[in-house]
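Architecture at a glance
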Amino acid sequence: MLRYQENNELHRDFHGTTNMTLDYIAENYGVDALKEILRKTGRDVYKSIHDKLAAGDSSELLEHLNWFYHREGAKYSLTVSDDEIRMEVFECPAHKHLKKLGLPISKYSCLQTSEVNAGMCEGTPWESTVEICGEGHCIQTFRRKKEDKA
Amino acid sequence: MIPSDHFVRFYNEVFKFLDAQGGLAKYYQTISAHQEFHCLKAFSENGLQGVYDYYQKIYKEENCVGHTILKGHELELYMGKCPSLSKALDNDAGACPKYCMHCPGWTQPLYTKAGLFQIYDLMGLDNPQCCEWIFDDIEAARAKYRKLLEDHKKEELLINFEP
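The rules behind each value
Residues numbered from 1 in each chain as written. Chains lettered and ligands numbered in written order. Predicted model: local features only at pLDDT ≥ 70, side-chain atom pairs only at ≥ 80, totals over all residues. Helix = DSSP H or I, 4+ residues; strand = E, 2+ residues; numbered from the N terminus. Rg over C-alpha atoms; globule rule 2.2 N^0.38 Å. Contact = placed C-beta atoms within 7 Å. Nonpolar A, V, L, I, M, F, W, Y, C, P; charged D, E, K, R; others polar. Pairing = 2+ DSSP bridges. Axes fitted to C-alpha atoms, helices over the stretch in contact; angles between N-to-C directions. Buried ≥ 20, exposed ≤ 12 C-beta atoms within 10 Å, placed from the backbone.

1. Thoughts on the overall build of chain A
Helix and strand content of chain A: seven helices and four strands. Order of helices (α) and strands (β) in chain A, N terminus to C terminus: α-α-α-α-β-β-α-α-β-β-α. The C-alpha atoms of chain A give 15 Å as radius of gyration, which agrees with the globular expectation for 150 residues (15 Å, within 12%). When the backbone C-alpha atoms are referred to their principal axes, chain A occupies close to 50 × 30 × 30 Å. Here the analysis covers contacts within chain A between residues at least 6 apart in sequence; of these, 57% occur between residues at least 24 apart.

In structure tokens form, the structure reads like this:
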């Protein structure tokens, strides 16, 4: 069950403020500071997902990915097994909205995904990767670490 | 992607980081400059009606509970339950104690640039309620400010004009 239940109107312009903020932090405080804020968001804001992953339960992570990408109108596919969740996002909703607004996409934009996902997995038996396949197209993978499968 | 639903909780982490660095005020100016993209033309050209129209969209998209009343030279924006602070408070990472300050932080420079006058009552930084009054006439703003001072302390009201 999702810790943060969201099911009403969306304010997609927040993607613009996120985009501006990524640039602002990286340019004024460095990329490492930006990564730390994003990791902390993954670990502490999504504590419920993090704690379940630590206990070996990926159910909330799966629900989170499915629900929030669906709500944003993304084109994506999810493939799930006991030890792996693979999500291919064919058109990132954040990038799509930024393009609609005519705003340049931050070069740090995909760190949102890679660092928040890494924060969710930090200190748990899970690890994450993000493969950028093209503009707005990525494959996010959450995989149970090999040593933990035995 | 951080879902737009969860932007507020990311923003809250940014505020915590910047507060520790003493960097909130400069960031508010940057947000304000960014928001000019969305608001400045409408606020400058259409005045209070432009602000009213913008907040009709915001109240709907951000699921605000409150009201907007436009009458003469005054626009009242009352937030009975701020969805932004509510999310920051409903948050396993905990709310930044200065979370509310970003709102006057970005709106005040923008209204000033648009030639509008603002009175802001935050009603407490841990309370998801606030009220602001915006004017297109300095004397109307001053009269409202004097009236509000009858039952508010001076430090409770943030303004962008000489009273």
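2. Examining the interface of chain A and chain B
Across the boundary between the two partners, chain A contributes 35 residues, which contact 25 residues of chain B. Here the element with the most residues in the side of chain A that touches chain B is helix 1 (residues 14-29) of chain A; it accounts for nine residues. Along the lines of polarity and charge, the residues of the side of chain A that touches chain B split into 15 nonpolar, 10 polar and 10 charged.

3. A few points about the sheet that holds strand 5 (residues 157-159) of chain B
All names here are of chain B. Taken in spatial order, the five strands make up an open sheet running 1-2-4-3-5, and their pairing is antiparallel. Single-partner strands in this sheet number two, and they are strand 1 (65-71) and strand 5. Neighbour-to-neighbour, the strand axes of this sheet turn through a mean angle of 15°, independent of strand direction. As defined by bridge partners, strand 1 adjoins strand 2 (residues 74-81) across seven bridges and the pair is classed as antiparallel. Its bridge partner being in strand 2, threonine 68 is matched across the sheet by leucine 77. With respect to the sheet, helix 2 (residues 24-61) is in contact with strand 1, strand 2 and strand 4 (130-135), its orientation differing from that of strand 1 by roughly 165°.

4. Some details on the environment of tyrosine 59 of chain B
All names here are of chain B. If you trace the backbone, tyrosine 59 turns up in helix 2. You can call tyrosine 59 partly exposed: it has 18 C-beta atoms within 10 Å. Distance in space between the C-alpha atoms of tyrosine 59 and proline 83 is 9.4 Å, their sequence separation being 24 residues. Contact partners of tyrosine 59, with chain neighbours within four places excluded, come to Cys64, Gly66 and Thr68.

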